[in-house]
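# Structural overview
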Amino acid sequence: IKDGKIELVANALITQLDESVYDTVINVYGKQVYPGFIAPNSTLGLVEIEAVRATDDKSEVGYFNPHIRSAIAYNVDSEVIPTVRSNGVLLAQITPRSGRISGTSSVMTLDGLTWEDAMYRRDDGIHINWPRMFYPGWWNEDGIVTRNSDYAKEAENLIAYLKKAKAYAETDHETTDLAMEAMRGLFDGSKRLFVHADFVKELEDIIAIKKELGIEHLVIVGGHDAWMVAELLKDRNIPVMLRRVHSLPMRAEEPVDLPYRLPSILQEAGVLFCLENSGDMEAMGTRNLPFYAGTAMAYGLSEEEAIASITLNTAKILGIDHKTGSIEQGKDANLVVSEGDALDVTGNEIVLAMIRGEFVDLDNKQKELYRKYMELYGLEEE
């Protein structure tokens, strides 16, 4: 590694290196080395304690907010971030919530002095919450689902807004519209359109607008029913950020293990996908990302495919695979070393991590409290 980049990857059995020319040599014999894990569609750094409103900065008032940027609200001093980082997650796509168009996300490192310092890819895409076909009942109303009678009208209004943004991007203006300016990148390919949706009808409508509006990079976020339109997704080159694997099915008649098997179903269909963690308590739950990949491996993915679902696949979908996501010459040295299998909750023990070749502190508040009470009660670690 030199100047934060991977300079050489070689077979140690047949390659002899002169260790005297390096200022640091790390022996990780018997351990496992991974590219740094990447968490897409995350509110990490935007929420500290969900029940305390003053620490929740993930949402903005208003309905159409493409110009709202999550990066400037990213809290590098969050005590949640180190707990996620110590499980091998080194990058995250910090994403706003609420409204029809939530705003603009950015990819950030999970280490930095300021949000500018933590920036990895600035303003990578716009996030849209597609109108829902159905609304599930409350937690105590099992099986109750309400059909959205306004679905067609809501979708029509959203498509009209997108068409307006496209027209704006194709013409010159004397005055600047900040919301329209934020959307401009969708039509020249510099930004991605992340559309949050799950049901099959919603996905079919979203696939149709990609061609109609000429959007080069469109990504489905959630995609519970993506397996039903897998051929279309592959044909239109639309990747999927799969909703939390450790979830129940969305319909009572579905197999209980369907969420576990969705990654392997999409893999077999040839659809590019990665794993994400949105939902309840998502910021602190981001540390479970490697274990989602482990579950997907137990239900059909190979080990390499499972690792790719939280590294290289994610990097491809976010448009940063030219500099991270795999251990290759010329890419940033975003690396994780685990004592055991990082995808296995019983083996994940991250002993070293680096971002852009710089060592990352793997301590956190939880480890501190563990040491404190082990010492208090005179216990020794096994």
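Everything discussed here concerns the structure shown above.
Structural notes, computed from the coordinates. (Residues numbered from 1 in each chain as written. Predicted model: local features only at pLDDT ≥ 70, side-chain atom pairs only at ≥ 80, totals over all residues. Heavy atoms only, no water.)

## Here we look at unusual backbone geometry
A positive phi angle, near 55°, is found at aspartate 3, a position not held by glycine. Locating aspartate 3 in the fold gives a position in the segment before β1 (32–35). The backbone phi angle of asparagine 41 is positive, close to 50°, even though this residue is not glycine. Using a relative accessible area of 1% as the deciding quantity, one classes asparagine 41 as buried. (Helix = DSSP H or I, 4+ residues; strand = E, 2+ residues; numbered from the N terminus. Buried < 20%, exposed > 50% of the residue type's maximum accessible area, 1.4 Å probe, protein only.)

## Description of the sheet that holds strand β14 (residues 358–359)
Within the open sheet, the four strands sit side by side as β1-β12-β13-β14. Their pairing is antiparallel. Each end of this open sheet is capped by a strand with a single partner; those strands are β1 and β14. Bridging between strand β12 (residues 335–338) and strand β13 (residues 350–355) involves four bridges; their strand directions are antiparallel. Residue pairing in the sheet places valine 337 in a bridge with leucine 352 of β13. (Pairing = 2+ DSSP bridges.)

## Considering the side chain of asparagine 148
Mapped onto the fold, asparagine 148 is located in the loop between β7 (145–147) and α3 (151–169). For asparagine 148, the side chain forms a polar contact with the main-chain nitrogen of aspartate 150, separated by 3.0 Å. Engagement of the side chain of asparagine 148 in a polar contact is seen with the side chain of glutamate 154, the distance being 3.1 Å. Beyond its immediate stretch of four places on either side in the chain, asparagine 148 contacts Arg132, Met133, Phe134, Tyr135 and Glu154. (Polar contact = N/O pair within 3.5 Å; in protein donor to acceptor, adjacent residues only side chain to side chain. Contact = heavy atoms within 4.5 Å.)

## Here we look at the sheet that holds strand β5 (residues 119–129)
Pairing within the open sheet is mixed, and its eight strands lie in the order β2-β3-β4-β5-β8-β9-β10-β11. Strands at the two margins of the open sheet, each flanked by one partner only, are β2 (37–42) and β11 (273–275). On average, each strand axis in the sheet is inclined to that of its neighbour by 25°, with strand direction left out of account. In the sheet, strand β4 (residues 101–109) pairs with β5 via six bridges, with the strands oriented antiparallel. The residue bridging serine 105 from the neighbouring strand is glycine 125, located in β5. (Axes fitted to C-alpha atoms, helices over the stretch in contact; angles between N-to-C directions.)

## Looking at the packing of aromatic side chains
Tallied over the entire structure, the rule returns six aromatic pairs. Pairing phenylalanine 64 with tyrosine 161 gives two aromatic rings, centres 4.3 Å apart and planes at 10°, and the pair type is stacked. One end of the pair, phenylalanine 64, is in the loop between β2 and α1 (80–85); the other, tyrosine 161, is in helix α3, and 97 residues separate them in sequence. Relative accessible area serves as the criterion here: at 14%, tyrosine 161 is assigned to the buried category. A cation over a ring is seen here: lysine 323 above tyrosine 120, with NZ or CZ 4.3 Å from the ring centre. (Phe/Tyr/Trp six-rings, centres within 6.5 Å; stacked < 30°, edge-to-face > 60°. Lys NZ or Arg CZ within 6 Å of the ring centre and 35° of its normal.)

## Examining the pairing of strand β8 (residues 192–197)
β8 sits mainly inside the fold: six of its six residues count as buried. Alternating positions in β8 separate into two faces, Arg192, Phe194 and His196 on one and Leu193, Val195 and Ala197 on the other, with burial throughout. Where β5 lies against β8, five bridges are found, and the strand directions are parallel. The residue of β8 that forms the bridge with isoleucine 126 is leucine 193.

## Digging into the side chain of serine 78
Mapped onto the fold, serine 78 is located in the loop between β2 and α1. A polar contact is formed between the side chain of serine 78 and the side chain of glutamate 48, at a distance of 2.6 Å.

## Let's talk about the packing of α3 against helix α6 (residues 200–213)
What describes two packed helices is the angle between their axes and the distance between those same axes. Two numbers describe how α3 lies on α6: the axes approach to 12 Å, and their chain directions differ by 20°. Between α3 and α6, the angle falls in the class roughly parallel. Between α3 and α6 lies a crossing whose hand is right-handed. Across from Tyr151, Ile159, Leu162, Lys163 and Lys166 in α3, the residues of α6 making contact are Lys201, Glu202, Asp205, Ile209, Glu212 and Leu213. Of the residues that constitute the contact of α3 with α6, the class distribution is five nonpolar, no polar and six charged. (Parallel < 35°, antiparallel > 145°, perpendicular 65-115°, else oblique. Left-handed = near helix turned anticlockwise from the far one by under 90°. Nonpolar A, V, L, I, M, F, W, Y, C, P; charged D, E, K, R; others polar.)

## Remarks on the pairing of β4
Counted residue by residue, β4 has nine buried out of nine residues, so it is predominantly covered. One ladder, built from four bridges, connects strand β3 (residues 89–94) with β4; its direction is antiparallel. Within the sheet, the bridge partner assigned to glutamine 93 lies in β4 and is valine 107. Where β3 folds back on β4, the antiparallel hairpin that results is connected by six residues, among which serine 98 adopts a positive phi of roughly 80°.

## Examining helix α13 (residues 365–376)
For α13, spanning twelve residues, the distance from its first C-alpha to its last is 16 Å, which sits close to the expected 16 Å at 1.5 Å a residue. The opening residue of α13 is asparagine 364, an N-cap whose side-chain oxygen sits 2.9 Å from the backbone nitrogen of glutamine 366. (Expected span 1.5 Å × (residues − 1).)

## Let's talk about the environment of valine 245
Position of valine 245 relative to the elements: it lies in the loop between β10 (240–242) and α8 (258–269). Residues valine 245 and valine 52 lie 193 residues apart in sequence; the distance between their C-alpha atoms is 27 Å. The residues touching valine 245, leaving out its near neighbours within four places in the chain, are Pro259, Tyr260, Pro263, Leu275, Tyr292 and Thr295.

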